[in-house]
Amino acid sequence: MQIITPGMRLVPEAVLANDAALLRTIPETPSHADSSRHRVVIVGGGAGGLELATRLGRKFGKRRLSITLVDRNRTHVWKPLLHEVASGALNPSSDAVEYIAHANRHHYRYRIGEVVGIDRAKRQVFVAPSFDDDGRRIIPPRVLGYDTLVLAVGSVSNDFGTPGAARHAIALDTTGQASRFNKRMIDACLRANAQYEKLSPGQLHCVIVGAGATGVELAAELHKSMREIASHNLDNIDFERLIRITIVEAEPRILPALPEHLARSSARRLVDLGVQIRCGIKVTEVTEDGIRLGEKLFVPAELVVWSAGIKAPDFLKQLDGLDTDRINRLVVDETLRAMGDENVFAIGDCARCVLPGSEDPLPPRAQTAHQQADHMVKVIAARLEGQEAPAFRYRDYGSLVSLADYGTFGSLVGGLKVEGFLARLMYHSLYKMHLKAVHGTFKTMRDTIVGILSHRTKPRVKLH
């Protein structure tokens, strides 16, 4: 057995999670010690994990499976929308899925906590104790038994060890981080409007490091939201002239992983909005006052967002001997099974899956996690029947980039280009597909209608 100690804030009694001898003595949680039903434990409640738990619960939850979803958060917000939470365009309080209530409706168990290790020989998952904001323990360490383990812990931003990035830049990996940036952005506007002295260099400037889909879409959303905020009686200074947004990308162009025509269309629109784009240069340091590019160039900024590159969570690289790649992703075969263990699977951004006939791993996109969650239902059904797990087949449906209200561009199967209203409609349909998988068709349709009817009564941007 190997116990993992991920880089996390330790509070009193959290050291229990790292005491191998103690964990060996903790009995399995009673609901997981019962082997009369096939026990499926899903670690991670993101797009892939939550959709998988929901589908399994609907299909098998009352009969043949014991399904448990483990996540350290209590609510779920679709990760591709976190840039809208950061800009204030999306209110996480009204759009989040509460795991406890959702689990009750869809016939699976939800367990709050952070997985810190597994014992593959005993087929056990170790969950660290949970604490409240004051450091008081809520839930003790637990041991969950499994017959099938699915790891769906997603990815986090990769700062590549850049000095100052972890301390001074904000990533958008979680709802908490996105909400923190939103508050900092609002405070920056209020501070600039109220102060008597002249604005300092970099004040009301925002630098976004990384010009992937998240960075590009965030730039457009911030252009819209910061001006919306300024229009709410913040009239002491000229926000239109003083707000500045800069995108920095190490590759030769923005959106390096997407088709070139998408990059060109998006770049033209961003430049028209006044967004400054710097490509082909690396960030060498992040400071309290801005970022350093190369050896000499310094860009002052009050707000810095880091969205350059991803990696799987660090604890995966020590997961009881399972193979990982250089960015911590678990190496899986064409059935999504982890190499070396027939009972452990991985889906989504934390899985490195290279399908036969391809040299590159599947891209870390929401559509990949969506398709893999659907496939895992078939895999588990086959395991219940004692059959061979089917091979996963991925279909690339294309890419879409939405620049707030300023335009949406897409590239579909076969290189078909779309933009404008049709592209915008397709972009929104991706989120509706996720909601349908999580809530079902009826609730998704009902909530969509309610959202359309109440759209004009809601504030255009979250201001608190």
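Thresholds, definitions, all that
- Residues numbered from 1 in each chain as written.
- Predicted model: local features only at pLDDT ≥ 70, side-chain atom pairs only at ≥ 80, totals over all residues.
- Heavy atoms only, no water.
- Helix = DSSP H or I, 4+ residues; strand = E, 2+ residues; numbered from the N terminus.
- pLDDT = per-residue confidence, 0-100.
- Contact = heavy atoms within 4.5 Å.
- Axes fitted to C-alpha atoms, helices over the stretch in contact; angles between N-to-C directions.
- Parallel < 35°, antiparallel > 145°, perpendicular 65-115°, else oblique.
- Nonpolar A, V, L, I, M, F, W, Y, C, P; charged D, E, K, R; others polar.
- Buried < 20%, exposed > 50% of the residue type's maximum accessible area, 1.4 Å probe, protein only.

Moving on, we get to the environment of valine 85. Assignment of secondary structure puts valine 85 in helix α4 (residues 82-87). Separated by 97 residues in the primary sequence, valine 85 and asparagine 182 have C-alpha atoms spaced 7.1 Å apart.

Let us now look at the confidence of the model for the chain. Averaged over the chain, the pLDDT score is 88; the fraction of residues at 70 or greater is 91%. Contacts for the low-pLDDT stretch residues 1-21, under 50 throughout, to residues beyond four places or in other chains number 44 contacts.

This part is about the packing of helix α3 (residues 47-60) against helix α13 (residues 421-439). Look at α3 against α13: their axes get within 8 Å of each other, and the N-to-C directions meet at 40°. If you check the angle between α3 and α13, you find them oblique. The segment α3 lies against α13, with Ala47, Leu50, Glu51, Thr54, Arg55 and Arg58 engaging His434, Lys436, Ala437, Val438 and His439. Along the lines of polarity and charge, the residues of the contact of α3 with α13 split into four nonpolar, three polar and four charged.

Moving on: unusual backbone geometry. In terms of backbone geometry, most residues other than glycine have negative phi values and most peptide bonds are trans. In this model, aspartate 320 sits at a positive phi of 50°, which is unusual for a non-glycine residue. Along the polypeptide, aspartate 320 turns up in the loop between β22 (310-311) and β23 (330-332). Judged by its relative accessible area of 15%, aspartate 320 is buried. Here asparagine 328, not a glycine, exhibits a phi torsion of approximately 75°, which is positive. Mapped onto the fold, asparagine 328 is located in the loop between β22 and β23.

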